[in-house]
Amino acid sequence: MINRCFCCVTGGDSDPEPAATSSRRRTNPARASKNRTSVDYPWETYTLKELLQATGNFSESNKLGEGGFGTVYWGRTSKGVEIAVKRLKAMTAKAEMEFAVEVEILGRVRHRNLLSLRGFYAGGDERLIVYDYMPNHSLLTHLHPHRGTPSSHHHVPLEWPRRVAIAVGAAEGLSYLHHEASPHIIHRDIKASNVLLDAEFVPKVADFGFAKLIPDGVSHLTTRVKGTLGYLAPEYAMWGKVSESCDVYSFGVLLLELVSARRPLEKLPGGVKREIVQWAAPLAERRRWERLADPRLAGRFDAAQLRAVVETAMLCTQSSAESRPAMAEVVDMLRFSGGERRTKEIVPVAVTVAGSSDEITTTTDLDDVTAGSSEPLDRRNWKLTRLR
Ligand SMILES: Nc1ncnc2c1ncn2[C@@H]1O[C@H](COP(=O)(O)OP(=O)(O)OP(=O)(O)O)[C@@H](O)[C@H]1O
Ligand SMILES: [Mg+2]
């Protein structure tokens, strides 16, 4: 289905119009076609000339960042509109599919918290995707400013209310993909660099190139593992089993990263790698919420909100996919900031492991937060209980 729709749009591999002959933007030919499919695409096609002019011939100084599948450039159109252009690296079959999926899926979704496609160019070896430019870049650049931050940008730490609003907004975008888009969409690459921030810091979940469309009635698919280390749900990393709850797990990791500004995967002295959940879980179980907060906040956070975000993250990152909440529930759990009263709380429960005590043990000196825990994650479980 994806390929068919994509080919309808691009006319296969051929350039639909010699790029340099016109700077006029055309509306999507799929719209004009009498034989079009039921999907009405809201995006437009651009000419190569237009995008070359907008980005200064993809000049190095216009580069915003580079990912696994392409380089992103800032540009300004002849009408003065700021855009971000993703230029796919090479037209391998894999990249071609990536482009097709992205165009197809972005054509289907419209939500305040999802980065919409503005348009695209497909011709010869070039595949270019045009998005709205997000002046506040990605969440990654704010949480870990030394990486991926253009040197011209000096970021002050994200204030607490902004972090909460980003958590809620990103959850709403993801909830839309899981529950409202038809067919449902699993993102499969939820991470800080894929949450972009507009001028008002409204979060926009981006990069649907890895997305998977789930037909109605199908609970999970088995697929080759894509995504980013540190964010992968265990059942997906180990067996390639993908379902909405894989996104929920990645979102839980993102929540912990958002509150703590720690990396999802940290290299400890000696080369051992530790996941953020392994670091956070012992602190959360001991209710040492304040130890989980980004030190750059210097105590400027709402303690009740911090606790609720961390508890939600703990539910999301449980090793059993069945125990994780749905994204719609995650949205509800996070919507406490506007004075909404919480009716439930989340508590850790010990899991009985044969031959061992089911008490939660923490051998770590909790004053030394870099030490964290090396306990296996599957001993941890959390549950929702109703508040009286
Ligand atoms: N619309 C946009 N507006 C502003 N900056 C953007 C936009 N899209 C992407 N970027 C920047 O470009 C960088 C690279 O994005 P890209 O999606 O290619 O890679 P990534 O997200 O780091 O990795 P991956 O390829 O795994 O998605 C992002 O980190 C972001 O800072
Ligand atoms: Mg990305």
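Residues numbered from 1 in each chain as written. Chains lettered and ligands numbered in written order. Predicted model: local features only at pLDDT ≥ 70, side-chain atom pairs only at ≥ 80, totals over all residues.

Taking an unreviewed UniProt entry as the reference, the chain is identified by name as Protein kinase domain-containing protein belonging to Oryza glaberrima.

Within the chain, the secondary structure is distributed over eleven helices and 17 strands. Within the chain, the proportion of its 388 residues that are buried is 42%. In the chain, of all internal contacts separated by at least 6 residues, the share reaching a separation of at least 24 is 65%. (Helix = DSSP H or I, 4+ residues; strand = E, 2+ residues; numbered from the N terminus. Buried ≥ 20, exposed ≤ 12 C-beta atoms within 10 Å, placed from the backbone. Contact = placed C-beta atoms within 7 Å.)

Here we take up the site of ligand 1. The environment of ligand 1 is made up of 25 residues, and the closest members are Gly-65, Gly-67, Ala-84, Met-134 and Ser-193. Considering each element in turn, the shell around ligand 1 owes the most residues, three residues, to strand β3 (residues 63–66). Grouping the constituent residues of the shell around ligand 1 by class yields ten nonpolar, eleven polar and four charged. Built from parts of two domains, the shell around ligand 1 gets at least three residues from each of domain 1 (2–132) and domain 2 (139–386). (Near = placed C-beta within 6 Å. Nonpolar A, V, L, I, M, F, W, Y, C, P; charged D, E, K, R; others polar. Domains from an automatic or database assignment.)

Further remarks concern the UniProt feature "binding site: ATP" (unreviewed entry) in the chain. According to UniProt, the "binding site: ATP" (unreviewed entry) feature falls on Lys-86. In this fold, Lys-86 is placed in strand β5 (residues 82–88). Taking the number of C-beta atoms within 10 Å as the measure of exposure, Lys-86 has 24 and is therefore buried. Once residues within four sequence positions are removed from consideration, Lys-86 is found in contact with Gly-70, Val-72, Leu-128 and Ile-129. (UniProt positions renumbered as here; feature names shortened; annotations may be inferred.)

Strand direction decides the pairing type here: β3 and strand β4 (residues 70–76), joined by three bridges, are antiparallel. Looking at the pairing, Lys-63 lines up with Tyr-73 of β4. In this structure, the hairpin formed by β3 and β4 is closed by a connection of three residues. (Pairing = 2+ DSSP bridges.)

So, on to the nonpolar core. Phe-120, Ala-167, Ala-171, Leu-255, Ala-280 and Val-310 are the most contacted members of the largest nonpolar core, which totals 92 residues. Sorting elements by how many residues they give to this core places helix α8 (residues 244–260) first, with ten residues. Lining this core are residues from two domains, each supplying at least three of them: domain 1 (2–132) and domain 2 (139–386). Aside from chain neighbours lying at most four places away, what touches Leu-255 is Ala-167, Val-309, Thr-312, Ala-313 and Cys-316. (Core = buried A, V, L, I, M, F, W, Y, C linked by C-beta atoms within 7 Å.)

Let us now look at the environment of Leu-292. By the element assignment, Leu-292 lies in the loop between α9 (276–285) and α10 (303–316). On the basis of neighbour count, Leu-292 is assigned to the buried category, with 22 C-beta atoms found within 10 Å. Between the C-alpha atom of Leu-292 and that of Val-259, which follows or precedes it by 33 residues, the distance is 7.0 Å. What Leu-292 contacts, discounting residues up to four positions off in sequence, is Val-259, Ser-260, Ala-280, Leu-283, Ala-284, Leu-306 and Val-310.

Of note in this structure, His-137 is not a glycine but carries a positive phi near 55°. A positive phi is found at Ala-261, a non-glycine position, where the angle reads about 60°. Note that Ala-261 resides in the loop between α8 and β14 (265–267).

Okay, the packing of helix α6 (residues 160–180) against α8 next. The interhelical angle for the contact between α6 and α8, taken along N-to-C directions, is 170°, at an axis separation of 11 Å. Between α6 and α8, the interaxial angle falls into the category roughly antiparallel. Here α6 contributes Arg-163, Ile-166, Ala-167, Ala-171, Leu-174 and His-178 to the contact with α8, which in turn contributes Glu-244, Asp-247, Phe-251, Leu-255, Leu-258 and Val-259. For the contact of α6 with α8, the per-class residue count stands at eight nonpolar, one polar and three charged. (Axes fitted to C-alpha atoms, helices over the stretch in contact; angles between N-to-C directions. Parallel < 35°, antiparallel > 145°, perpendicular 65-115°, else oblique.)

We now examine the environment of Tyr-131. When you line up the elements, Tyr-131 lands in strand β7 (residues 126–132). A C-alpha to C-alpha distance of 6.9 Å links Tyr-131 and Gly-119, two positions twelve residues apart in sequence. Beyond its immediate sequence surroundings of up to four residues, Tyr-131 is in contact with Ile-83, Ala-84, Leu-115, Leu-117 and Arg-118.

A word on the pairing of strand β6 (residues 117–123). Across the seven residues of β6, six count as buried, placing the element largely inside the fold. As defined by bridge partners, strand β2 (residues 44–45) adjoins β6 across two bridges and the pair is classed as parallel. By the bridge assignment, Glu-44 is partnered in β6 with Gly-119. Alignment of β6 against β7, held across six bridges, turns out to be antiparallel. By the bridge assignment for β7, Leu-117 is matched with Tyr-131. The loop that links β6 with its antiparallel partner β7 comprises two residues; one of these, Gly-124, has a positive phi angle of about 50°.

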